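Chain residues, written in single-letter form:
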Amino acid sequence: KAGVTQTPRYLIKTRGQQVTLSCSPISGHRSVSWYQQTPGQGLQFLFEYFSETQRNKGNFPGRFSGRQFSNSRSEMNVSTLELGDSALYLCASSLAKTSGGNTGELFFGEGSRLTVL
Amino acid sequence: TQLLEQSPQFLSIQEGENLTVYCNSSSVFSSLQWYRQEPGEGPVLLVTVVTGGEVKKLKRLTFQFGDARKDSSLHITAAQPGDTGLYLCAGNAGGTSYGKLTFGQGTILTVHP
């Protein structure tokens, strides 16, 4: 069973540019979440998508956005990049059974390392 | 806002020693997970604890969930160099927050041969 796949793995951008990151969840997983990881702040929740709808959102500015497609694949976009956006962006998928019994277990991809110059 | 305080932040020990990592919060969590992350990779789930007072063992790793479901601990017996990595605790508030976890700051463990 393939794991969570994120592309690209590494990218370098300059301030003011925008970036789009892609995530393919584990087959059958309907929930996709995005996290930002930095040395200073650790792992911080960005947003979660379920059935193409944003269900939860973290405390990030509107420059950070995302979407989910009908096949559960997800993208996140960061516009007007700032130096502080340099981070490892992690995507995670979960089964999210609507019948209940969810324990919040997430399966992470290897991340997209963004460097903003 | 739910917060998870993880300690210690850094741990450097010799092979064969025992260690414990703590994760504390003033909030109640529906479940709590422990992850391990190696450089250049994403976190990998080690265990999920759901019931207050629950204890789970994974080979040399023992995980405990506090009775009030506000805290947890990870104990490693006879640590090995292969245990080196970043250990993260993460709490889930439950409900429809399937993918929203609150993470602790992490514990960087280094086990010297």
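See the structure printed just above.
Residues numbered from 1 in each chain as written. Chains lettered and ligands numbered in written order. Predicted model: local features only at pLDDT ≥ 70, side-chain atom pairs only at ≥ 80, totals over all residues. Heavy atoms only, no water.

A. Geometry of the overall build of chain A. When helices and strands are tallied, chain A shows zero helices and 11 strands. Element order for chain A, N to C, with α for helix and β for strand: β-β-β-β-β-β-β-β-β-β-β. Taken over C-alpha atoms, the radius of gyration comes to 14 Å for chain A, in line with the 13 Å a tight globule of 117 residues would show. Along the three orthogonal principal directions, the C-alpha set of chain A runs to about 45 × 30 × 25 Å. Within chain A, residue pairs in contact and separated by at least 24 positions form 55% of the contacts whose partners lie at least 6 positions apart. (Helix = DSSP H or I, 4+ residues; strand = E, 2+ residues; numbered from the N terminus. Rg over C-alpha atoms; globule rule 2.2 N^0.38 Å. Contact = heavy atoms within 4.5 Å.)

B. The interface of chain A and chain B, seen in detail. With 29 residues of chain A in contact, the opposing surface of chain B contributes 22 residues. For the pair chain A and chain B, the two sides together bury roughly 1900 Å², of which 53% comes from carbon and sulfur. At the boundary of chain A and chain B, one finds zero salt bridges. Linking chain A with chain B are nine residue pairs in polar contact (both at pLDDT 80 or more), by the criterion used here. Taken together, the elements giving at least two residues each to the side of chain A that touches chain B come down to β4 (31-38), β5 (42-50), β6 (53-57) and β9 (87-94) of chain A. It is β5(A) that contributes the most residues to the side of chain A that touches chain B, five residues altogether. Taken together, the residues of the side of chain A that touches chain B sort by class into nine nonpolar, 13 polar and seven charged. (Buried area = accessible area lost by both parts, 1.4 Å probe. Salt bridge = Lys/Arg side-chain N within 4 Å of Asp/Glu carboxyl O. Polar contact = N/O pair within 3.5 Å; in protein donor to acceptor, adjacent residues only side chain to side chain. Nonpolar A, V, L, I, M, F, W, Y, C, P; charged D, E, K, R; others polar.)

C. Region of interest: the sheet that holds strand β8 (residues 71-76) of chain B. Residue and element names in this part refer to chain B. Pairing within the open sheet is antiparallel, and its five strands lie in the order β1-β3-β8-β7-β6. The two strands at the open ends of the sheet, each matched to only one other strand, are β1 (5-7) and β6 (55-58). Strand-to-strand twist of the sheet, defined as the mean angle between neighbouring strand axes without regard to direction, takes the value 15°. (Pairing = 2+ DSSP bridges. Axes fitted to C-alpha atoms, helices over the stretch in contact; angles between N-to-C directions.)

D. Seen up close, the side chain of Ser27(B). Residues and elements named next belong to chain B. Locating Ser 27 in the fold gives a position in the loop between β3 (19-24) and β4 (31-37). Among the residues examined, Ser 27 registers a relative accessible area of 15% and is labelled buried. Excluding residues within four positions of it along the chain, Ser 27 makes contact with Gln 2, Arg 69 and Lys 70. (Buried < 20%, exposed > 50% of the residue type's maximum accessible area, 1.4 Å probe, protein only.)

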